[in-house]
Amino acid sequence: FGMAAPQLMKVFVTRRIPQEGFELLKQSGICDVQQWDSDEPVPREELLKGISGAHGVLCLLSEKIDKEVLDTAGNSLKVISTFSVGYDHLAIEEIKKRGIRVGYTPDVLTDATAELTVALLLATARRLPEAVETVKNSEWTTWKPLHLCGYGLSNSTVGVVGLGRIGLAIARRLKPFGVRKFLYTGQQPKPEIAAEIEGQFVPINQLAEESDFVILSCALTPQTQGLFNKQLFAKMKKTAVFINSSRGAVVNQEDLYHALSTGQIAAAGLDVTDPEPLPLNHPLLSLKNCVILPHIGSATYATRTTMSILTARNLLAGLTGQEMPSELQF
Ligand code: NDP
Ligand code: DGY
């Protein structure tokens, strides 16, 4: 007279993720895990199929979780766990309306992302990709006093747009390079946090005008969408180096191309673009003074493993109505 087996909850995982997190889900005994078992993004129709009737979804920043997806999921959906700290791909208002909980991955990727941003800044300011190229294509003929000069951090002014977890971690790492002054901007001054780097809160125009290095580490929101445009690039120093490790859409890329190709600013380093990947015929890819990386801020083995575990734990806690290790408060 056996008891009916407890009904397993349906979970959809939208990509291959590090094994450690995936195993946690498989071994939890509470869910039936379906996965888009590929390194490539799930096609929209497969996402809709996978999420239909699901109780939980583990997604990546490449999946737009919008009204259509939420409607397709239906009433069963309790939790969305994203393998990212950024959540601009989630329709937060729609999610809120439906009482769905959201898990994300703050803190665990802060160090890796800050480190990559510093690497990108140095590579851009000191022209490393260009320099490496000259060694390979016989342009390196001799040591030349004026060859491949760039810009150094020593005595510089660094402007951080968004002094959040990652912004502060970047500034903290740059300070020992001899930065003279940190400026920052955001929604409001944060004197306690800025004290560590003696950061001065300024309006964005002043930050653009006075910084030798401008670093974007803010969230993508309706307020920051297209924030760096013609007007701001025009205010920047001709010698300024612009670095973006936030989201591509914070920058108007046409305006950035114009600024870089006309010498309005010196160089740009982008870990993020809009769209991703950037099409091969995109004008920014034709510029020597633009270093573009394929969104690798958090890409260390250890960080991605930790992210997979945290994402799985967030999901399981959401399914069972427990406290999540990292729940987005909105
Ligand atoms: P935080 O929430 O700690 O920081 C976000 C920052 O954005 C805050 O300082 C906030 O300022 C700022 N911000 C919000 N609105 C505005 C605005 N209108 N103008 C200027 N600044 C604004 O997040 P994290 O530091 O953990 O992550 C930041 C972002 O980095 C993520 O949202 C994600 O998009 C991106 N990211 C990219 C990675 C990569 O691989 N390249 C890896 C990880 C994250 P305030 O404090 O004043 O509210
Ligand atoms: C994020 O987490 O938002 C990044 O862009 C990828 O780690």
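Here's a quick rundown of the structure. Since the structure is predicted, the reported quantities are computational estimates derived from the model, not experimental observations.

1. A closer look at the layout of surface pockets
Working step 1: Estimates place the volume of the second largest pocket at around 250 Å³.
Working step 2: Around the second largest pocket sit Arg-126, Ala-131, Thr-134, Val-135, Trp-140, Thr-142, Trp-143, Lys-144, His-147, Leu-148, Cys-149 and Gly-150, which together line it.
Working step 3: Its residues placed into classes, the lining of the second largest pocket shows six nonpolar, four polar and two charged.

2. Points about the site of ligand 1
Working step 1: Neighbouring ligand 1 are 26 residues; Arg-165, Ile-166, Gln-187, Lys-190 and Asp-271 lie closest to it.
Working step 2: In this structure, Asp-271 approaches ligand 1 through a side-chain N or O atom, which is 2.8 Å from a nitrogen atom.
Working step 3: Between an oxygen atom of ligand 1 and a main-chain N or O atom of Gly-297, the distance comes to 3.2 Å.
Working step 4: For ligand 1, whose accessible area on its own is 920 Å², the fraction buried by protein is 87%.

3. As for the site of ligand 2
Working step 1: The immediate surroundings of ligand 2 are formed by Leu-61, Ser-84, Val-85, Gly-86, Leu-109, Arg-247, His-295, Ser-298 and Met-307.
Working step 2: Contact distances for ligand 2 include 2.7 Å between an oxygen atom and a side-chain N or O atom of Arg-247.
Working step 3: Within the contact set of ligand 2, an oxygen atom lies 2.6 Å away from a side-chain nitrogen or oxygen of His-295.
Working step 4: Across the complex, the protein chains shield 89% of the 230 Å² of accessible surface that ligand 2 would expose by itself.

4. A closer look at the environment of Cys-31
Working step 1: Among the secondary structure elements, Cys-31 is positioned in strand 2 (residues 31-35).
Working step 2: Of the residues examined, Cys-31 reaches a relative accessible area of 7% and is grouped as buried.
Working step 3: When the C-alpha positions of Cys-31 and Leu-287 are compared, they lie 49 Å apart, and in sequence the two are 256 residues distant.
Working step 4: For Cys-31, the residues in contact, after removing those within four places along its chain, are Leu-8, Met-9, Val-11, Leu-25, Leu-316 and Leu-319.

Rules used throughout
- Residues numbered from 1 in each chain as written.
- Chains lettered and ligands numbered in written order.
- Predicted model: local features only at pLDDT ≥ 70, side-chain atom pairs only at ≥ 80, totals over all residues.
- Heavy atoms only, no water.
- 1 Å grid on protein atoms, 1.4 Å probe; cavity = no way out; pocket = protein on both sides within 12 Å on 5 of 7 lines; lining within 4 Å.
- Points joined across faces, edges and corners; volume = space filled by probe spheres on them.
- Nonpolar A, V, L, I, M, F, W, Y, C, P; charged D, E, K, R; others polar.
- Near = heavy atom within 4 Å.
- Polar contact = N/O pair within 3.5 Å; in protein donor to acceptor, adjacent residues only side chain to side chain.
- Areas by Shrake-Rupley, 256 points an atom, 1.4 Å probe, with all protein chains shown as cover.
- Helix = DSSP H or I, 4+ residues; strand = E, 2+ residues; numbered from the N terminus.
- Buried < 20%, exposed > 50% of the residue type's maximum accessible area, 1.4 Å probe, protein only.
- Contact = heavy atoms within 4.5 Å.

Function-wise, these values are silent; they only describe arrangement.
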